[in-house]
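# Overview (structure and organization)
Residue-level listing of the chains:
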Amino acid sequence: MENGKSLAYRIADMAPRDRPRERLQTDGAENLSTPELIAILLRTGSMGENVLQLAGNLLVEFGGLSGIHQASFDLLCRYRGIEPAKAAQIKAALELSGRMHLEGWSQRRTIHSPADVADMVTYEMAGLTNEQLWVVVLNTRCQVIHREKVYSGSVNSSYVRTAEVFRPAILRNGTSIIVIHNHPSGDPTPSPEDIALTRGLVQASRVLDIEILDHLVVGGLKYVSMKERHLGFA
């Protein structure tokens, strides 16, 4: 005991087979817990807690990986035990993971379901702190040929211009689009404004002969397909 507090056990005191770095080498990264993976990035703990405890407490404080992803660099640095070097390592690792997901957009992927689109965008959108509207353009084979951010800020029928939503498809001779926007709150439940926006876009699509296959609302790592729920597509 020191100053009335028990000292945290050190990683060095653990059996080698139980240490995160050694477990990664023997068992593979996919078999490590999230705190263990973060502990490898952090390397060292802080006063009164080892690196595994620091990693676990960091996840609790920010509400999981998505919360850490959304947190600014300065906010991470204000957490006890996370100095700029550690914050930089965390941010770099998350950014690399996001870029790996984005590489899928550079390949012509065929879309079979809302889950296919969600798989490509939810990770990146989970890190956004403001509302954005993206448009995915597809060809006649439902292959992704382009993705574009159309709006950043308030996304509803009062602010979104129909022409801007369809412009990416018109410029690239796309035959259909999928509209995606995020709720920074983390709740993907479509609002009445989302339904009104969808209804207006669907009506315009019939005139332009560019089909809207779906409108996805993303919140955190969850999503709602408005087409599946018949919201705005009736």
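Residues numbered from 1 in each chain as written. Predicted model: local features only at pLDDT ≥ 70, side-chain atom pairs only at ≥ 80, totals over all residues. Heavy atoms only, no water.

### Side note on helix α3 (residues 51-62)
Between its first and last C-alpha, α3 extends 17 Å over twelve residues, near the 16 Å set by a 1.5 Å rise per residue. Where α3 is concerned, the buried positions are Val 51, Leu 52, Leu 54, Ala 55, Leu 58, Leu 59 and Phe 62. For α3, the arc enclosing every buried residue in end-on projection is 165°, short of the 170-degree limit, so these residues lie on one face. Seen from the buried face of α3, the exposed residues on the opposite side, beyond 90 degrees, are Val 60 and Glu 61. The N-cap of α3, judged by a side-chain oxygen 2.9 Å from the amide nitrogen of Leu 52 a few residues on, is Asn 50. One or two positions beyond α3, positive phi appears at Gly 63, with a value near 75°. (Helix = DSSP H or I, 4+ residues; strand = E, 2+ residues; numbered from the N terminus. Expected span 1.5 Å × (residues − 1). Buried < 20%, exposed > 50% of the residue type's maximum accessible area, 1.4 Å probe, protein only. Arc of directions from axis to C-beta. Polar contact = N/O pair within 3.5 Å; in protein donor to acceptor, adjacent residues only side chain to side chain.)

### A closer look at the side chain of Lys 86
The residue Lys 86 is located in helix α6 (residues 84-102) in this model. For Lys 86, the side chain forms a polar contact with the main-chain oxygen of Gly 81, separated by 3.4 Å. Once you skip the residues sitting within four places of it in the chain, Lys 86 turns out to touch Leu 42, Thr 44, Gly 45, Leu 54 and Gly 81. (Contact = heavy atoms within 4.5 Å.)

### Focus: the packing of helix α1 (residues 20-27) against helix α2 (residues 34-42)
Between two packed helices, what matters for the description is the angle formed by their axes and the separation of those axes. Where α1 contacts α2, the axes come no closer than 9 Å and their chain directions differ by 115°. When the axes of α1 and α2 are compared, the pair comes out roughly perpendicular. Pair α1 / α2 crosses with left-handed handedness. For the pair α1 and α2, the contacting residues are Pro 20, Arg 21, Arg 23 and Leu 24 in the first and Glu 36, Leu 37 and Ile 40 in the second. When grouped by side-chain class, the residues that make up the contact of α1 with α2 number four nonpolar, no polar and three charged. (Axes fitted to C-alpha atoms, helices over the stretch in contact; angles between N-to-C directions. Parallel < 35°, antiparallel > 145°, perpendicular 65-115°, else oblique. Left-handed = near helix turned anticlockwise from the far one by under 90°. Nonpolar A, V, L, I, M, F, W, Y, C, P; charged D, E, K, R; others polar.)

### Here's the deal with a nonpolar patch on the surface
A surface patch of nonpolar side chains, amounting to about 300 Å² of accessible area, comprises Ile 170, Val 207 and Leu 208. For Ile 170, the position within the fold is in helix α8 (residues 162-171). Judged by relative accessible area, which is 47%, Ile 170 ranks as partly exposed. (Patch = residues over 30% accessible without salt bridge, like charges linked within 9 Å, V, L, I, M, F, W, Y side chains within 5 Å. Areas by Shrake-Rupley, 256 points an atom, 1.4 Å probe, with all protein chains shown as cover. Salt bridge = Lys/Arg side-chain N within 4 Å of Asp/Glu carboxyl O.)

### Some words on the environment of Cys 142
Structurally, the position occupied by Cys 142 is in the loop between β1 (132-138) and β2 (144-152). For Cys 142, a relative accessible area of 26% translates into the label partly exposed. Excluding residues that lie within four positions of it along the chain, Cys 142 makes contacts with Arg 109, Thr 110, Ile 111 and Leu 213.

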